[in-house]
Amino acid sequence: MAKVKTALVQMSCFADKQQNVSKAIEKIKKAAAAGAQIVCLQELFTSLYFCDVEDYENFKLAEAIPGPVTDTLSTLAKELGVVIIASLFEKRAEGLYHNTTAVLDADGTYLGKYRKMHIPDDPAYYEKFYFTPGDLGYKVFKTKFATIGVLICWDQWYPEAARITSLMGAEILFYPTAIGWATSQDEATNTEQYNAWQTIQRSHAVANGVHVVSVNRVGLEQDGAMKFWGGSFVSNPFGSVLYKASHDEEEIKVIEIDTNQTDRYRTHWPFLRDRRIDSYQPITKRYIDEG
């Protein structure tokens, strides 16, 4: 299908897992009622963003994938006839955990999962304490409505991840994410950070000639110390923002994407044609120096 109705679900979260799952289900139903065919939820939607602290109790939030939540969403996907992109805390084995996104097709089929490759470790984002880096590589999923690529949050800053996923045939890149502002910082810093975040993802759209859908959480967490900035958006293959959500409110927005635009942009601005793949070997080095 060339034209795909894609929904972003930007929401705030509670401490209670089941309450968050129920909330997400209701929002998916609303998105489907509005015509959505692919629905993307934000990163780690079943909980508050727990990586602000290193606490062993938080490992209890994780579950297997496939598991209870994916089973529930699989039934919902089949009932509504929609694709669901669900970001979850995966327990792979005892003591082995990943930040993972599962994809459920419109007939309820579990198509597989992508494990976050790039894991940050910053103040209030202590993800290396919880998540083992992904080992499944980059992934595309052939859904009923489009072939999609899924990357997760910190992956957003790496053009290599977007490039490889696009080269694998992704027609749309989805980024479930959880990023916010410390409420103690000034507005100029907030603006600069958001603009950088949006700009790097729009650049992935331009460089690869694909639509990008980025879905972020919203609301105050961490006892008011963190404001997740929302600002979820959709970019076309030339970096034009088709829709941008607010920084303060929950939103369900359905945007029609025409994947046929990829051919037009890639033929008029043939970046893929002109890639000098024979010259890129140095990219596999950590840093290029005399050592």
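Once a new chain begins, its residue numbering starts again from 1 and follows that chain's sequence as written. Note on the predicted model: pLDDT of at least 70 is required for a residue's local features to be given, and 80 or more for side-chain atom pairs to be given and counted; whole-chain, interface and lining totals, by contrast, use all residues. Calculation of side-chain values draws on the structure's entire complement of heavy atoms; hydrogens and water are dropped beforehand.

Colleague: Explain the overall build of the chain to me, and be specific about the residues and the numbers.
Modeller: Secondary structure elements follow DSSP: runs of H or I of four or more residues count as helices, runs of E of two or more count as strands, with numbering from the N terminus. Along the chain, the regular secondary structure elements total five helices and 15 strands. Against the globule reference of 19 Å for 291 residues, the chain gives a C-alpha radius of gyration of 18 Å, in line with a compact fold. Burial analysis of the chain (291 residues in total) assigns 51% to the buried set. Working note: accessible area of the chain is about 13,100 Å², and carbon and sulfur atoms make up 52% of it. We score Asp and Glu as negative and Lys and Arg as positive, and we do not count His or the chain ends. Note that the charge is assigned to NZ on lysines, CZ on arginines, CG on aspartates and CD on glutamates. Each charge class in the chain can be summarised by its mean position, and for the 31 positive and 37 negative side chains these summaries are 7 Å apart. Values of the radius of gyration come from C-alpha atoms, whereas the globule rule sets the reference at 2.2 Å times the count of residues to the power 0.38. To sort residues, take the accessible area from a 1.4 Å probe on protein chains only and compare it with the maximum for the residue type: under 20% means buried, over 50% means exposed, and anything in between is partly exposed. The method behind every accessible area is Shrake-Rupley, applied with a 1.4 Å probe, and residues are considered shielded solely by the protein chains displayed.

Colleague: Talk me through unusual backbone geometry; I want residue IDs and the actual numbers.
Modeller: A negative phi holds for most residues other than glycine; trans holds for most peptide bonds. Here Ile65 and Pro66 are connected by a cis peptide whose omega angle stands at 0°. Summarising the element assignment, Pro66 is placed in the loop between β2 (38-41) and α2 (68-80).

Colleague: Give me the lowdown on the pattern of salt bridges, citing residues and values where you can.
Modeller: Think of a salt bridge as a Lys or Arg side-chain nitrogen and an Asp or Glu carboxyl oxygen that are within 4 Å of each other. The full count for this structure, using the stated rule, is 16 salt bridges. The residue Glu90 makes a salt bridge to Lys113 at a minimum N-O spacing of 2.8 Å. With Glu90 in strand β3 (residues 83-93) and Lys113 in strand β5 (residues 110-115), the pair connects residues that are 23 residues apart, well separated along the chain. Considered together, Glu90 and Lys113 belong to a single accessibility category, that of buried residues. Of the charged contacts in the structure, one is a salt bridge between Glu127 and Lys116, with a shortest N-O distance of 2.8 Å. Linking Glu127 in the loop between β5 and β6 (140-142) with Lys116 in the loop between β5 and β6, this pair joins segments that are eleven residues apart in sequence. The pair Glu127 / Lys116 is uniform in exposure class, with both members buried.

Colleague: Could you give me a rundown of the packing of aromatic side chains, with the residues and numbers involved?
Modeller: In this scheme Phe, Tyr and Trp rings, the latter by its six-membered ring, pair at centre separations within 6.5 Å, and the angle between planes marks the pair as stacked below 30 degrees, edge-to-face above 60, and tilted otherwise. Inspection of the entire model under this criterion finds 26 aromatic pairs. Ring geometry for Phe59 and Tyr130: centres 5.2 Å apart, planes at 45°, overall tilted. Highlighted residues: Phe59 in the loop between β2 and α2 and Tyr130 in the loop between β5 and β6, separated in sequence by 71 residues. Take Phe59 and Tyr130: they sit in the same class, and that class is buried. Consider the rings of Phe89 and Phe131, whose centres lie 5.3 Å apart with planes at 85°: the pair is edge-to-face. Pair noted here: Phe89 is in strand β3 and Phe131 is in the loop between β5 and β6, with a separation of 42 residues, a long-range link. A residue is classified by how much of its surface remains accessible, and Phe131, at 3% relative accessible area, is buried. The structure contains a cluster of three or more aromatic residues connected by ring pairs, namely Phe50, Tyr56, Phe59, Phe89, Tyr97, Phe129, Tyr130 and Phe131.

Colleague: How would you sum up the pairing of strand β12 (residues 226-229)? Please name residues and give values.
Modeller: We call two strands paired when DSSP finds no fewer than two bridges between them. Relative to β12, strand β9 (residues 180-182) runs antiparallel, the two sharing three bridges. Across the sheet, residue Ala182 finds its bridge partner in β12, namely Met226. The pairing of strand β11 (residues 218-221) with β12 spans four bridges and is classified as antiparallel. In the strand pairing of β12, Glu221 is matched with Met226. Taken together, β11 and the strand that follows it, β12, pair antiparallel across an intervening segment of four residues, in which Gln222 is found at a positive phi of about 55°.

Colleague: Account for the environment of Lys91, naming residues and giving values.
Modeller: Its place among the elements puts Lys91 in strand β3. Accessibility expressed as a relative area gives 26% for Lys91, which makes it partly exposed. With 27 residues separating them along the chain, Lys91 and Ala64 place their C-alpha atoms 5.0 Å apart. Should any heavy atoms of two residues lie within 4.5 Å, those residues are counted as being in contact. When near neighbours in sequence (up to four residues on either side) are disregarded, Lys91 contacts Ala62, Glu63, Ala64, Leu96 and Tyr97. Polar contact is defined as a pair of N or O atoms within 3.5 Å, subject to the rule that within protein one atom must be able to donate a hydrogen and the other to accept it, and that residues adjacent in sequence are counted only when both atoms are side-chain atoms. A distance of 3.2 Å separates the side chain of Lys91 from the side chain of Glu94, its partner in a polar contact.

Note that all results are geometric; they support no functional claim without further evidence.
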